[in-house]
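Take a look at the letters that make up each chain.
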Amino acid sequence: MTVPMTFMNEELEQMKKAGLYGNIRTIESPQGAWVRIGGKQYLNLCSNNYLGLANDPRVCKKTKDMIDKYGVGPGAVRTIAGTMDIHLELEKKLAAFKGAEAAIVVQSGFCGNLTVMPTLTGEGDLIFSDSLNHASIIDACRLSRAKTIRYEHSDMASLRAKLKDNPTSGKKLIITDGVFSMDGDIAKLPEIVEIAEEFGAMVAVDDAHGEGVLGKGGRGIVDHFHLHGRVDVEIGTMSKAFGVMGGIVAGSATLVDYLRQKARPNLFSSALTVPDVAANMAAVEIMEESDELVKKLWSNGDYLKAEMKKRGFDTGHSETPITPVIIGDEAAAKDFSARLFEEGVFATAIVFPTVPKGTARVRAMVSAAHSKEDLDKGIEIFVSVGKKIGII
Ligand SMILES: Cc1ncc(COP(=O)(O)O)c(C=O)c1O
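Residues numbered from 1 in each chain as written. Predicted model: local features only at pLDDT ≥ 70, side-chain atom pairs only at ≥ 80, totals over all residues. Heavy atoms only, no water.

**Quick look at the site of the ligand**
Working step 1: By nearness alone, every residue bordering the ligand is listed as Ser 108, Gly 109, Phe 110, His 134, Ser 136, Asp 177, Asp 206, Ala 208, His 209, Thr 237, Ser 239 and Lys 240.
Working step 2: Between the ligand and Phe 110 there is a distance of 2.9 Å, counted from an oxygen atom to a backbone nitrogen or oxygen.
Working step 3: Notes on the ligand: free accessible area 390 Å², of which the protein chains cover 84%.
Working step 4: Here the residues of the shell around the ligand sort into two nonpolar, seven polar and three charged. (Near = heavy atom within 4 Å. Polar contact = N/O pair within 3.5 Å; in protein donor to acceptor, adjacent residues only side chain to side chain. Areas by Shrake-Rupley, 256 points an atom, 1.4 Å probe, with all protein chains shown as cover. Nonpolar A, V, L, I, M, F, W, Y, C, P; charged D, E, K, R; others polar.)

Here you go:
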């Protein structure tokens with residue numbers, strides 16, 4: 001006899017009543033500037049496929065070729081029999097791309113955080129975490145059993161005060177998102193590094209939204225601020241700008257050696273699949289070859305933000321191509337997103353608890369795959385729906 005699952009039904013009902021039950025759309029086409037949903041084409045303004053590589057023919061070709069050579073599955077965890085020469089080749093390419101001594105790839109960006117915090121810190125240690133850090137950082141901190149102390153978002157006085165007020169004989173680690181994905185602001189990494197050096201703390205940055213976006217040719221936040229050799233750990237994901245899936249941790253050769261031996265996602269979860277590795281390799285090669293896609297992404301982002309602002313929308317204080325259109329009221333943001341969808345624009349509403357109450361928004365995500373005509377179409381629909389429901 002199974003245990004009654006009434007608590008789930010009850011909670012799901014409560015979520016629906018509170019407007020917190022998510023409507024998960026199904027995409028019936030490759031990812032791109034436009035996607036098919038329910039048989040209809042929609043302008044895609046909500047994917048993290050920053051450079052449009054998720055369906056790039058060069059990426060697909062290399063993946064098919066490598067499947068012919070290696071098959072698809074790694075067969076085991078990295079430490080038993082799952083490490084293939086292509087994993088090591090990808091890691092070498094990534095380290096060179098990021099200007100780091102070494103890199104290790106794991107199954108996802110989420111796993112990247114699970115690879116770092118619980119391995120580098122434990123009971124008796126302290127983690128100083130930005131209050132707006134991503135959920136995977138929060139979970140990784142919890143799993144580490146270190147005491148996590150939150151500092152005010154990007155507030156260096158708050159970080160300094162927390163370090164000062166919490167002396168310890170254990171290890172100290174500061175962790176921050178590189179780009180905060182809900183607002184598009186960039187972490188004050190140079191100041192964080194200086195404070196860390198002063199207090200003898202390690203620094204880790206999760207560059208999920210900075211890889212392929214910030215720095216020379218998309219080399220990330222460390223490159224953007226010229227901080228090579230001064231940031232202990234760079235965590236990243238290949239699910240966004242790389243257009244594929246997989247996590248990266250880059251840093252010193254010792255760090256990577258240590259993680260290979262001790263990090264539980266490396267020890268107890270199977271290696272990245274052959275198609276993932278192949279596609280990621282092709283993505284790095286494309287980014288190494290030219291910064292054309294990164295430039296296109298930025299010019300699209302700048303154009304969209306400027307045009308939205310001109311039309312009266314509040315686009316917050318984004319410093320990156322992420323374009324939040326801040327509405328405030330949660331129900332109004334959801335209604336705006338639903339009406340945009342009716343008019344052919346796929347742009348999701350982001351509400352509490354993902355963002356603070358009263359700052360609900362529709363977040364527009366551009367990519368290098370969008371043409372100016374695509375963006376103009378999107379802006380036109382944002383404006384006409386925005387006027388209809390009285391947002392502008
Ligand atoms: C800062 C940050 N870290 C980690 C992740 C998770 O990455 P992945 O989707 O590769 O697991 C995300 C994705 O939303 C993110 O924004």
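**A short note on the sheet that holds strand β1 (residues 34–37)**
Working step 1: If you walk across this open sheet you meet the three strands as β1-β2-β13, and the pairing is mixed. Unpaired on one side and paired on the other, β1 and β13 (345–346) mark the two borders of the sheet. (Pairing = 2+ DSSP bridges. Helix = DSSP H or I, 4+ residues; strand = E, 2+ residues; numbered from the N terminus.)

**Quick word on helix α4 (residues 85–98)**
Note: α-helices contain 3.6 residues per turn, so residues at a spacing of three or four share the same orientation.
Working step 1: Here α4 spans 20 Å end to end across 14 residues, near enough to the 20 Å set by a 1.5 Å rise per residue.
Working step 2: Every buried residue belonging to α4 is among Ile 86, His 87, Leu 90, Glu 91, Leu 94, Ala 95, Phe 97 and Lys 98, and all of these are buried.
Working step 3: With its phi angle positive at about 70°, Gly 99 sits one or two positions after the end of α4. (Expected span 1.5 Å × (residues − 1). Buried < 20%, exposed > 50% of the residue type's maximum accessible area, 1.4 Å probe, protein only.)

**Some remarks on a nonpolar patch on the surface**
Working step 1: Taken together, the side chains of Met 5, Phe 7, Met 8, Leu 12, Met 15, Leu 20 and Tyr 21 present a nonpolar region at the surface, about 640 Å² in accessible area.
Working step 2: In this fold, Leu 20 is placed in the loop between α1 (6–17) and β1.
Working step 3: You can call Leu 20 partly exposed: its relative accessible area is 45%. (Patch = residues over 30% accessible without salt bridge, like charges linked within 9 Å, V, L, I, M, F, W, Y side chains within 5 Å. Salt bridge = Lys/Arg side-chain N within 4 Å of Asp/Glu carboxyl O.)

**A closer look at the domain arrangement of the chain**
Working step 1: Examined at the domain level, the chain breaks down into domain 1 (6–55 + 291–388) and domain 2 (72–289).
Working step 2: The distance between the C-alpha centroids of domain 1 and domain 2 comes to 27 Å.
Working step 3: Counting residues at the interface gives 24 residues for domain 1 and 21 residues for domain 2.
Working step 4: The interface formed by domain 1 and domain 2 contains one salt bridge.
Working step 5: For the pair domain 1 and domain 2, the interface holds eight residue pairs in polar contact (both at pLDDT 80 or more).
Working step 6: Listing elements by their share of the side of domain 1 that touches domain 2, those giving two or more residues are α13 (292–310) and β15 (360–364). (Domains from an automatic or database assignment. Contact = heavy atoms within 4.5 Å.)

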